[in-house]
Structures are given as C-alpha cells and as structure tokens.
Amino acid sequence: MNSGFLRAACASPRVSVADCAANAQAIIDAVWEAERSGVSLVVFPELAVSGYTCGDLFLQQTLQSGVLGAIERIAEKTVQAQALFFVGAPLVYNGALYNCAAAVQRGRVLAVVPKTFIPEYGEFYEKRWFAAAPAVREVMCDMRIALGGRLGEVPFGTDILFRDPQCAQAAVAAEICEDLWTPVPPSSRHALCGACIVANLSASNEIIGKAEYRRLLVRSQSARLAAAYLYADAGYGESTTDMVFAGHNIIAENGTILAESELFSGGEAGGVLTCAELDLDRLAQERLRTTSFAQSAERLAGETDSCRPRTIDVSLQQISALELRSVDPYPFVPSDKRERSSRCNEVLMLQAQGLVKRIAHTNAPAAVVGLSGGLDSTLALLAAVQAFRLLGRDASGIIAVTMPCFGTTERTLKNARQLAQAVGASFREIPIAAAVRQHFSDIGHNEAVRDVTYENAQARERTQVLMDIANQAGGIVIGTGDLSELALGWATYNGDHMSMYGINASVPKTLVRHITAAAAADAEAAGNARLAAVLRDILDTPVSPELLPAENGTISQKTEELVGPYALHDFFLYYMLRWGFGPKKIYALARRAFGAEYDAHTVLHWLSVFCRRFFAQQFKRSCLPDGAKVGTVSLSPRGDWRMPSDASQALWQAEIAGLKNALQDAPV
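Not measured: the values here are computed from a predicted model.

Conventions adopted
Residues numbered from 1 in each chain as written. Predicted model: local features only at pLDDT ≥ 70, side-chain atom pairs only at ≥ 80, totals over all residues. Heavy atoms only, no water. Helix = DSSP H or I, 4+ residues; strand = E, 2+ residues; numbered from the N terminus. Expected span 1.5 Å × (residues − 1). Buried < 20%, exposed > 50% of the residue type's maximum accessible area, 1.4 Å probe, protein only. Contact = heavy atoms within 4.5 Å. Pairing = 2+ DSSP bridges. Axes fitted to C-alpha atoms, helices over the stretch in contact; angles between N-to-C directions. Parallel < 35°, antiparallel > 145°, perpendicular 65-115°, else oblique. Left-handed = near helix turned anticlockwise from the far one by under 90°. Nonpolar A, V, L, I, M, F, W, Y, C, P; charged D, E, K, R; others polar. Phe/Tyr/Trp six-rings, centres within 6.5 Å; stacked < 30°, edge-to-face > 60°. Lys NZ or Arg CZ within 6 Å of the ring centre and 35° of its normal. Right-handed = clockwise from strand over helix to strand, strands pointing away. Polar contact = N/O pair within 3.5 Å; in protein donor to acceptor, adjacent residues only side chain to side chain.

(A) Fine view of helix 14 (residues 529-540). In this model helix 14 runs 17 Å from its N-terminal to its C-terminal C-alpha over twelve residues, within 8% of the 16 Å that 1.5 Å per residue would give. Here helix 14 has its buried residues at Leu 531, Ala 532, Val 534, Leu 535, Ile 538 and Leu 539. Summarising the contacts, the buried residues of helix 14 are in contact with helix 8 (375-390), helix 9 (410-423) and helix 13 (509-525).

(B) Fine view of the environment of Ala 11. Residue placement: Ala 11 occurs in strand 1 (residues 5-12). Setting aside residues up to four positions removed in sequence, Ala 11 forms contacts with Ala 30, Val 42, Val 43, Phe 44, Pro 45, Ala 232, Asn 249, Val 272 and Leu 273.

(C) The sheet that holds strand 2 (residues 41-43), seen in detail. Taken in spatial order, the six strands make up an open sheet running 5-4-3-2-1-16, and their pairing is mixed. Each edge of the sheet is formed by a strand with only one pairing partner; in this case those strands are strand 5 (108-114) and strand 16 (272-279). Strand-to-strand twist in this sheet, taken as the mean axis angle between neighbours without regard to direction, amounts to 30°. As judged from the three bridges shared by strand 1 and strand 2, these two strands associate in the parallel manner. Residue pairing across strands places Ala 8 opposite Leu 41, the latter belonging to strand 2. Packing of helix 2 (residues 61-76) onto the sheet brings it into contact with strand 3 (84-93), strand 4 (96-105) and strand 5, and relative to strand 3 it is tilted by some 155°.

(D) Fine view of the packing of helix 13 against helix 14. The contact between helix 13 and helix 14 brings their axes to 8 Å, and the two run at 160°. Classified by the angle their axes make, helix 13 and helix 14 are roughly antiparallel. The handedness of the crossing between helix 13 and helix 14 comes out as left-handed. Mapping the contact onto sequence places Arg 513, Thr 516, Ala 517, Ala 519, Ala 520, Ala 521, Ala 523 and Glu 524 in helix 13 and Leu 531, Ala 532, Leu 535, Arg 536 and Leu 539 in helix 14. By residue class, the composition of the contact of helix 13 with helix 14 is nine nonpolar, one polar and three charged.

(E) Just the packing of helix 16 (residues 566-578) against helix 17 (residues 583-594), in detail. Between helix 16 and helix 17, the least distance of the axes is 10 Å, while the angle of their chain directions is 140°. By the angle between their axes, helix 16 is oblique relative to helix 17. Judged by the sense of rotation from one axis to the other, the crossing of helix 16 with helix 17 is right-handed. The residues of helix 17 that touch helix 16, namely those facing Ala 567, Leu 568, Phe 571, Phe 572, Tyr 575 and Met 576, are Ile 586, Leu 589, Ala 590, Ala 593 and Phe 594. Of the residues assigned to the contact of helix 16 with helix 17, the class counts are eleven nonpolar, no polar and no charged.

(F) Representation of the environment of His 569 within the structure. Mapping His 569 onto the fold places it in helix 16. By relative accessible area, His 569 is classed as buried at 2%. Sequence spacing of His 569 and Val 17 is 552 residues, and the spatial spacing of their C-alpha atoms is 55 Å. The residues touching His 569, leaving out its near neighbours within four places in the chain, are Leu 488, Val 563, Gly 564, Trp 606 and Phe 610.

(G) Seen up close, the packing of aromatic side chains. What the rule picks out here adds up to 28 aromatic pairs. Between Tyr 493 and Phe 619 the ring centres are 5.3 Å apart and the planes differ by 45°, which places this aromatic pair in the tilted class. You can see Tyr 493 sitting in the loop between helix 12 (483-488) and strand 22 (501-502) and its partner Phe 619 sitting in helix 19 (residues 618-621), a full 126 residues away along the chain. Of the residues examined, Phe 619 reaches a relative accessible area of 34% and is grouped as partly exposed. Here the aromatic rings of Phe 614 and Trp 641 are separated by 5.6 Å at their centres, their planes lie at 65°, and the arrangement is edge-to-face. Linking Phe 614 in helix 18 (residues 600-616) with Trp 641 in the loop between helix 19 and helix 20 (650-665), this pair joins segments that are 27 residues apart in sequence. Of note, Arg 393 hangs over the ring of Phe 388, and the distance from its end group to the ring centre comes to 5.6 Å.

(H) Structural context of the pairing of strand 18 (residues 367-370). Burial along strand 18 is two-sided: Ala 367 and Val 369 and Val 368 and Gly 370, pointing in opposite directions, are all buried. One ladder, built from four bridges, connects strand 18 with strand 19 (residues 398-402); its direction is parallel. Paired with Val 369 across the strands is Ala 400, a residue of strand 19. Viewed along the sheet, the connection from strand 18 through helix 8 into strand 19 turns out right-handed. Two strands pair when backbone bridges link them, and strand 18 and strand 21 (residues 476-479) are joined in this way by three bridges, in the parallel orientation. Across the sheet, residue Ala 367 finds its bridge partner in strand 21, namely Ile 476.

(I) Structural view of the side chain of Gln 618. Within the secondary structure, Gln 618 is located in helix 19. Polar side-chain contacts of Gln 618 include one of 3.3 Å to the backbone oxygen of Met 643. In contact with Gln 618, not counting residues within four places along its chain, are Trp 641, Met 643, Pro 644 and Ser 645.

(J) Here's a closer look at unusual backbone geometry. Within the chain, Asn 254 stands out as a residue other than glycine whose phi angle is a positive 50°. Tracing the backbone through its elements, the reader meets Asn 254 in the loop between strand 14 (250-253) and strand 15 (256-260). Here Asn 254 falls in the buried class, since its relative accessible area comes to 16%. Although it is not a glycine, Phe 264 adopts a positive phi angle of roughly 60°. Turning to its location among the elements, Phe 264 is positioned in the loop between strand 15 and strand 16. Taking relative accessible area as the criterion, Phe 264 reaches 51% and is therefore assigned exposed.

So, in structure tokens, the structure goes:
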C-alpha cells in the first residue's frame with residue numbers, strides 16, 4: 001500500500017581529485033547501491049565529478065572535457081536505474097564556468113542548476129574560477145546549456161523544479177553548499193514555488209564546531225520550509241592541502257534529522273550512503289496547516305514572476321510505510337530518557353503556570369481537586385501543588401476530596417488519602433453512596449440496573465460536591481480529565497467533564513503516566529520516600545473510572561478493556577489531529593509502529609472505535625472549560641479544534657471498511 005513515503009539518500013563516494021573517470025565510476029557504483037536499497041532520489045556532493053579541490057585545474061580544457069565525458073558515461077551506465085540523482089560538476093555556459101548540479105534519470109541529463117552564491121572569504125575563493133548563477137529575473141528566459149555529444153542541450157538555471165506528475169508533493173529543487181549559508185537561501189524561493197524536497201550538493205570542509213552549526217542550518221531550513229532537506233557532503237579523497245572533508249551527510253524533515261552520517265565514516269575503503277524515508281504527506285499537511293506558508297507564496301508571486309518555475313517531469317517511486325521507515329509508537333513521549341525527563345518537567349511547569357494565572361486572577365484562596373487515587377487526579381494534584389509553590393502559598397490551601405462510592409476499592413481509597421497527606425494538601429473524605437441512592441429514588445431508577453444512568457449519576461454527584469465545596473472555600477474546581485479521554489469522550493457530560501479550570505486538558509494519557517513516574521523519581525531523589533511509594537502504586541493500578549462494584553475487592557471496570565489501549569488511541573489522535581492523516585495512512589503507520597504488539601485486525605478494530613467515538617463525542621469538547629495548551633495537539637474549541645457536533649464520520653469509516661475488506665481478501 002502506497003503511504004506517501006519516498007526513500008532518499010545522500011551519497012559521498014570516494015573522490016579522486018581531477019580523475020573524472022574514477023569519480024564517474026564511484027558515482028555509478030553509488031547509484032546502483034542506492035537502487036538496490038529502493039532509493040528513488042540520490043544527492044551527491046558538490047563538484048563530485050571532478051572533485052571540489054581542483055583549484056586552477058578547473059580552468060583547464062582537459063579537465064572540462066573530462067567532466068563532460070564522465071557525465072556522459074554516468075548517464076550511459078545508469079539507463080536502467082529508476083532513481084533521480086543530482087551530481088556536482090563544473091560546467092561552461094555562455095563563456096563562463098559554473099559550479100553546477102546536474103539532474104540525471106534513466107540515462108538522461110534532465111537539467112543543470114548552477115550555484116547561486118559563490119564564497120570568497122576565509123578558506124574559500126571560488127570566485128577565482130566560478131561565476132554566480134544568473135539572477136532570477138521577473139520573466140526568466142528559457143536558458144539552456146550545451147553539454148555536447150549525445151547529452152545535447154538541457155535547461156539551465158535556478159528556476160527549475162523537478163516534479164513527479166503522479167504526486168504533487170514529490171517536487172524537488174536543488175541548491176549548492178554556500179546557498180544554504182546565506183540570509184535568503186534559494187531553497188526558500190524553491191519551497192514557495194512548490195518544492196517539498198531540497199537537494200543540497202555540498203563540499204563543506206570540517207573545522208571544530210562546524211558540524212553542529214551545519215546540523216542547525218539543515219534542521220532550521222527544513223523546519224522553516226516544511227520540507228525535506230538532503231545535504232550531501234564531500235568526503236574522503238578530497239585534497240587536504242588546505243582543508244579536511246568529513247562526508248557529513250544530513251537528511252532532515254520539517255525540523256527533525258532523520259538520518260546522519262558520522263564524520264569521516266567513508267574512509268579509504270569506500271564512500272558513504274545515508275538513507276531515510278521522507279513522509280511527503282506530512283510535509284504537504286504541515287504547509288496546509290501553517291497558513292503563513294501560503295501567504296508567503298502569494299506575497300512572492302505578487303512581487304515577481306519568479307514563482308513560475310520551469311517544471312521538468314521525473315518519476316519518484318513511493319514506498320509503503322511498512323517497508324522501511326521506523327515509526328515511534330509513542331509520539332507524545334520522547335524515547336530519549338533525558339529528553340523525556342525534560343519534557344515531563346516542562347509540561348508540569350506549563351500546567352502549574354496556567355493555574356497560577358487563573359488563581360491570581362480570581363484571587364481564589366483555595367483550589368479543589370477530586371482525588372480518586374488514579375493517574376489523572378494525581379497529576380492534577382501535583383500540578384496544583386507546584387502552582388501553590390510558585391504563588392508562595394502553603395499546599396494546605398488545596399482541598400483534595402475523595403468520594404468513595406459503589407466501585408471504589410480499598411487500594412485507590414488508601415492511595416488518595418496517602419497522596420494528599422504526602423503533598424501536604426487538606427483532605428476530605430465524603431462517601432456519596434447514600435446521596436446517589438437518594439437520587440435513584442428521586443428519579444425512579446432501579447439500582448440493580450447498572451447502566452449508563454447508574455454510572456453517570458455517581459460522576460455527576462461527585463462534580464456537584466466539588467463545586468459546592470469550592471463555593472464554601474471561595475475556591476475553584478480543578479478538572480482532572482486528560483486529552484485522551486476528551487478525544488474518546490470518556491467523560492460524563494456535566495460530570496467529570498466539567499470544572500473551573502481543566503489542568504490536564506491537553507496532556508495525553510501516555511504522557512500522564514510518564515509525568516507521574518518522573519514525579520516519583522524526583523520525590524525519591526528529594527528524600528520523600530512516602531510520596532514516591534504512593535505515586536508508584538498509583539502507576540501500578542489499572543486505569544478505571546470505578547463506577548461499577550468491585551469484584552473480590554479489586555477493580556472490575558478497566559478502561560482499556562472497554563475503549564481500547566491508550567497507546568493506540570494516542571497514536572491515532574496524534575496523526576489525525578497533528579498531521580490531518582486519514583485512516584489509511586494512520587493504519588499503515590500504526591502497523592509499522594505496533595507490528596510486534598498488535599495484529600492488523602486489532603489495529604483496525606480500535607481505529608474504527610476511535611473514529612466512531614471521536615465524531616460522536618464532539619459535543620462534550622464544544623463546551624470544555626478553560627485549560628492551558630501544553631503540547632502540539634489540543635482539543636480546545638477556542639483555539640485548536642473546531643468541529644460541528646453533528647459532523648458525519650461516513651468518509652472515515654468507509655476508508656476503514658476498505659482496509660478491512662482488503663485485509664480479509666489478503667492471502668494468508
């Protein structure tokens with residue numbers, strides 16, 4: 001199944017300075033290595049055909065003839081190769097020598113792109129040999145360069161876009177080394193003209209600290225352009241008379257480095273091929289979501305006709321998500337331990353700062369938290385404690401209220417008590433069973449009928465108690481529901497769905513668990529063994545609303561058995577909201593991410609459940625209480641997610657039905 005992925009590579013073959021025939025063979029070998037790896041796009045270094053460090057040899061006719069012969073040989077020997085590739089070469093146009101990128105596919109040179117900015121500072125003196133690319137005029141002429149022999153004449157200029165007619169996102173532009181290091185790189189214009197992939201042919205020498213700066217440039221440009229950026233660097237074999245080259249290849253996508261070669265990893269034995277899978281759908285969606293991108297393109301088009309590039313058709317074969325690319329099953333949770341710890345602390349601080357402002361604004365002397373002994377209310381209490389600390393207030397101003405009823409177990413009740421004591425909050429235990437039974441009597445409900453009325457009456461009674469205590473104390477009720485529950489509608493309308501400030505509203509369940517674990521580790525490090533112990537027991541407790549009677553003293557109602565694994569639902573939520581992907585793409589990504597844990601039928605089942613609940617429960621999200629956004633995904637109706645409560649899910653379920661049919665028809 002095609003999932004909008006394209007496999008690309010940066011190649012740094014071994015170089016023989018001024019030996020064009022040897023370099024041509026190294027390039028040919030690298031093309032075929034990439035072809036065997038399923039690569040559709042390959043970028044070679046700057047001046048790879050001749051070598052970057054030729055010096056005044058660039059002006060020798062013998063070298064120039066050797067370059068043309070090498071390019072012709074490269075084309076001849078890659079006729080059967082499907083990949084589009086860019087090779088760097090010094091080429092003559094209109095009486096001047098240019099540092100160029102030649103685009104080659106299936107035995108043809110499709111076009112030549114010259115370098116725009118020619119450095120002449122420090123160790124660089126390219127202006128001694130090379131002319132800068134002709135400026136992009138308001139109406140650019142159809143410049144063509146004569147390569148001679150069977151290569152003929154091909155388009156020449158910086159206004160060229162290589163696009164696959166079968167996929168609008170599969171559009172590539174090229175720039176060369178120094179072009180990226182300038183205030184306004186040519187790739188900025190390329191992206192606004194439609195390029196989603198930028199190829200940079202580079203020969204960036206290595207000095208102390210330069211590698212990190214290079215990473216920063218590549219990452220930031222890919223993020224700014226919402227593009228994939230392929231940076232191919234010259235490596236082993238370049239002359240070391242004045243400089244050293246490390247072959248530092250970098251492939252970035254929308255601000256994230258997907259693949260990177262180690263410095264000096266080529267060595268004498270051969271070159272380096274750095275591969276990654278580019279998600280073209282993600283890039284296209286990011287440009288749609290970030291409306292200022294289209295505004296920038298419109299502004300450029302209004303100022304000049306340079307946003308009308310010459311388009312050259314190419315073929316860029318896409319791949320299935322299941323083939324190659326690694327997909328993180330927990331997109332909300334950093335996999336790196338140090339980064340994860342930092343994320344958890346940052347989220348907790350954002351939650352606390354949001355509450356600080358609300359308490360200060362309302363001049364509330366107290367905050368009221370319904371404490372169940374579960375994960376979400378634990379996080380809400382921890383954030384409230386942090387907020388009171390920032391306000392210079394004692395934690396006793398937080399009123400933690402536990403309200404045992406029919407499904408409450410001794411374990412969660414004990415944890416609620418111990419947690420409140422461990423953080424120094426005021427604690428109130430108010431059994432609500434009698435009040436709920438009175439309510440059943442008032443409305444004529446049979447307590448033996450354990451339906452939605454039976455469950456929701458308890459949730460609404462708890463909310464009423466919290467609101468009334470807040471009135472007594474002059475405080476505000478702190479909501480405990482998290483982002484995952486809001487997505488699924490796993491909340492009682494006007495029950496736990498309602499509060500005066502929803503502090504967990506943009507924190508997904510998978511991250512709630514890690515923040516709590518981080519708090520336990522911090523408590524232990526600070527010598528608060530009692531708090532660490534209760535937090536760890538809460539982490540070990542099954543997630544449950546505890547609205548049905550316990551069985552033999554243990555929790556009988558386990559949320560993930562009813563609505564599905566939160567790991568899957570958070571994954572679905574992230575890719576549906578953050579990237580706008582449909583079920584087909586999400587399913588492909590989930591199969592790649594969870595292939596070892598959930599089979600195809602299980603993923604499809606819970607994806608269908610997610611879509612059904614997400615659409616059906618929008619009415620709860622349309623009237624959410626205030627709550628600060630802390631991550632890239634939020635369901636607040638005021639800022640991040642506006643959706644009709646009666647929108648149809650038919651299109652989404654039709655996609656899922658098609659996936660199910662295909663799965664049933666697949667050979668066993």
